[in-house]
Amino acid sequence: MAKNLVSLRLVDCPSLTEVPSSLQYLDKLEEIDLSACDNLRSFPMLDSKVLRILFIGQCLDVTTCPTISQNMEWLRLEQTSIKEVPQSVTGKLQCLCLSGCSKMTKFPENLEDIKDLSLVGTAIKEVPSSIQYLTRLYNLNMIGSSKLESFPEITVPMKSLRYLYLSKTGIKEIPLISFKHMISLWHLYLDGTPIKELPLSIKDMVHLQELTLHGTPIKALPELPPSLRKITTHDCASLETTNIGRLELGLDFTNCVKLDQKPLVAAMHLEIQVSLLTPLSFFLLSFLLDSSHFRNVTFVLQSGEEIPLGSIPMVLPGSEIPEWFGDKGIGSSLTIQLPSNCHQLKGIAFCLVFLLPLPSQDMLYEFDDRYDANVYCDYHVKSKNGEHDGDDEVVLASGNTNVTTFNMKKWDSDHMVLLYSNFNLVNRLREYSGNEVTIKFYHSIHNHGIGKGGHEIRRPSELKGCGVYLDFDENIPADKKFKRKFWEI
C-alpha cells in the first residue's frame, strides 16, 4: 500500500469481506469510508494516531465496533449489527452516527466532546441523565427509537443543544424542569409520540423556533414562546383547545376534529381588524407553503409608512364559512360589487371549502408524504352596466394570481382553508372603485418526486363554497401610491 495514503474510500464494494490489518502501518491515513460494503464482516484493530474519520455503513454482518484510536473525531456505523460502542472508542468523538443499529440497546457513554449524536431507529430504552453534562452537544436525533419511553430530568442549563429529535419514540412526557433548562433549543420534534400534554414551562424556551406535534394524542396547547416560527398540529385527533396568540405562524389543524374552532376564527378576524399598518410576519410555514426560499415584499407609502405583504394561513375541519366573510359563493367562483372606497383596500381574506374527495394521490409521485396544492384565482374586473356609453359590459382588468400554497394531506372530512394575504390582487382592485370583480379559483398540484423529476397538474378547484372579506383602512388617503422594495429573507 501507498505509505502516503491519506484517504481510502471503497464505497459499495460487495466483494469486500474483510479489511487487511496492514492498514495500521499507514501512518498518514486520516479517513476510511467503507459505506455500503454489504458483505463486510470485520474490521481490524488499528492503533492509529491520525485516523479521524471512519464510515462503516449498511454492513449488517459487522457485529462488533472496530477497536480504533482514541483520536477518532467522526464515526459512522449506521445499519450495522453492533450492540454497543466501547468507551475506549468514544473519547474524542465529535460526531457519532448509529442510525439503523436496531440491536443497539445501550446509550453510548464517555462522549465529553460530542456535538452530533444520531441514534435513529435503535433499541435504546433510556437516555441517561448524564446527557445534561455533554456541554458541546448540538444535535440529538433519536427518531424511531420506539422503545424509548422516558426523557431524563435536566437540572443544569444545556447551552449548546439546538436540535432534539424524539419523533416516533415511545416518550409519554418530558419533565417540566427539563424544558426549563434546555434554554438554547431551536427545534423540538415530538410528532408521532404518545405525548398527551406539554409542560407550561415550554413558554420559557425563548429560542424555540420549530415545534412538531402532528399525530400525537395531545389535548391542549399551552402558551407558546414568542420566538416560535413553525408549529405542526395536523392529525391531532384529541386536540380540543389552543392558546396560540400569534396567528401569523400559520396553523394546520387537518383532521383535528375535536378542536374548538370559534376562538381561532374570531382571533383571525380580530387580528385582521387591528393590524392596520403594523408589520405582519412573512414566515409562510413549510407545512402550508413547504418551501425554503421566499422573497419578502414590502409596499411603502410615499409618506414612509410600511405595509408588509403578510399572510395568516389556517386549515380547519369544517365547511361553514364564518359570518364575517361578507361575500360568499357556492362552488369555486363568486362576484363581488366593489365599494367606492377601494383606494383604502388594505388586504383580502379568503375562505375556501374543499369538496371531497381530494385529487387522487395515485396521480402523484409521493415523496416524504408531501405534495403541494397551489391555489390560484382568475379575476376579471368589469364595469357596471351603463357606466360606459354604448357598452353593456367592459372588462377593465383581468389576470391570475397565487392565493396560497399548502401541503395537501388526506382529509377525513370537509376542511376549509382561511388566509389573509395576496397584496398583488389588492393593488389591482384599489384602482377600480364602484365596479365588480369575478373571482374563479383553480389549483395545480406539483409533485416533488426526485425519481420522476417533478411535474405540475392543473385543474379547476372543486369547492363547496368560498368566501372573500375585503379589509379596508380609512387612514389610507386616495392620493397615496405604492412603490415596492425587495430583499431576500
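The rules we used
- Residues numbered from 1 in each chain as written.
- Predicted model: local features only at pLDDT ≥ 70, side-chain atom pairs only at ≥ 80, totals over all residues.
- Heavy atoms only, no water.
- Phe/Tyr/Trp six-rings, centres within 6.5 Å; stacked < 30°, edge-to-face > 60°.
- Helix = DSSP H or I, 4+ residues; strand = E, 2+ residues; numbered from the N terminus.
- Lys NZ or Arg CZ within 6 Å of the ring centre and 35° of its normal.
- Polar contact = N/O pair within 3.5 Å; in protein donor to acceptor, adjacent residues only side chain to side chain.
- Contact = heavy atoms within 4.5 Å.
- Salt bridge = Lys/Arg side-chain N within 4 Å of Asp/Glu carboxyl O.
- Buried < 20%, exposed > 50% of the residue type's maximum accessible area, 1.4 Å probe, protein only.

Peer 1: What am I meant to see in the packing of aromatic side chains here?
Peer 2: Here a ring pair, both rings aromatic, is described through the centre-centre distance and the interplanar angle of the planes. Applying the stated criterion across every chain, the model contains 10 aromatic pairs. With centroids separated by 5.7 Å and ring planes inclined at 75°, the aromatic side chains of Phe 55 and Trp 74 adopt a geometry described as edge-to-face. You can see Phe 55 sitting in strand 3 (residues 53-55) and its partner Trp 74 sitting in strand 4 (residues 74-76), a full 19 residues away along the chain. Pairing Tyr 163 with Tyr 165 gives two aromatic rings, centres 6.4 Å apart and planes at 10°, and the pair type is stacked. A network of ring pairs unites the aromatic residues Tyr 138, Tyr 163, Tyr 165, Trp 186 and Tyr 189 as a single cluster. The lysine or arginine in question, Arg 76, covers the ring of Phe 55, its NZ or CZ lying 4.6 Å from the ring centre.

Peer 1: I keep staring at the side chain of His 415 and nothing clicks. Help me out?
Peer 2: Mapped onto the secondary structure, His 415 falls in strand 21 (residues 415-421). A polar contact of 2.8 Å, which involves the side chain of His 415, links it to the backbone oxygen of Ser 413. The contact partners of His 415, leaving out residues within four places of it in the chain, are Phe 253, Thr 254, Asn 255, Val 315, Leu 316, Pro 317, Gly 318, Leu 352, Val 353 and Phe 354.

Peer 1: Looking at this structure, how should I read the pattern of salt bridges?
Peer 2: Close approach of charged atoms allows side chains of opposite charge to pair. Following the criterion strictly, the structure yields 10 salt bridges and no others. Here Arg 76 ties to Glu 78 by a salt bridge, and the two come within 2.5 Å at their closest N and O atoms. Of the charged contacts, one joins Lys 464 and Asp 414 as a salt bridge, the two residues approaching to 2.4 Å between their closest N and O atoms. A residue pair is termed long-range when its members are at least 10 positions apart, and Lys 464 in strand 24 (residues 463-472) and Asp 414 in the loop between strand 20 (395-407) and strand 21 qualify at 50 residues. Salt bridges linked by common partners bring Glu 30, Arg 52 and Glu 73 together as one network.

Peer 1: In this structure, what is going on with unusual backbone geometry? I would like to understand it.
Peer 2: A negative phi angle is the norm for most residues apart from glycine, just as the trans form is the norm for most peptide bonds. Although it is not a glycine, Asp 12 adopts a positive phi angle of roughly 60°. At Gln 58, a position not held by glycine, the phi torsion is positive, near 60°. Here Gln 58 is to be found in the loop between strand 3 and strand 4. The class of Gln 58 is partly exposed, set by a relative accessible area of 40%.

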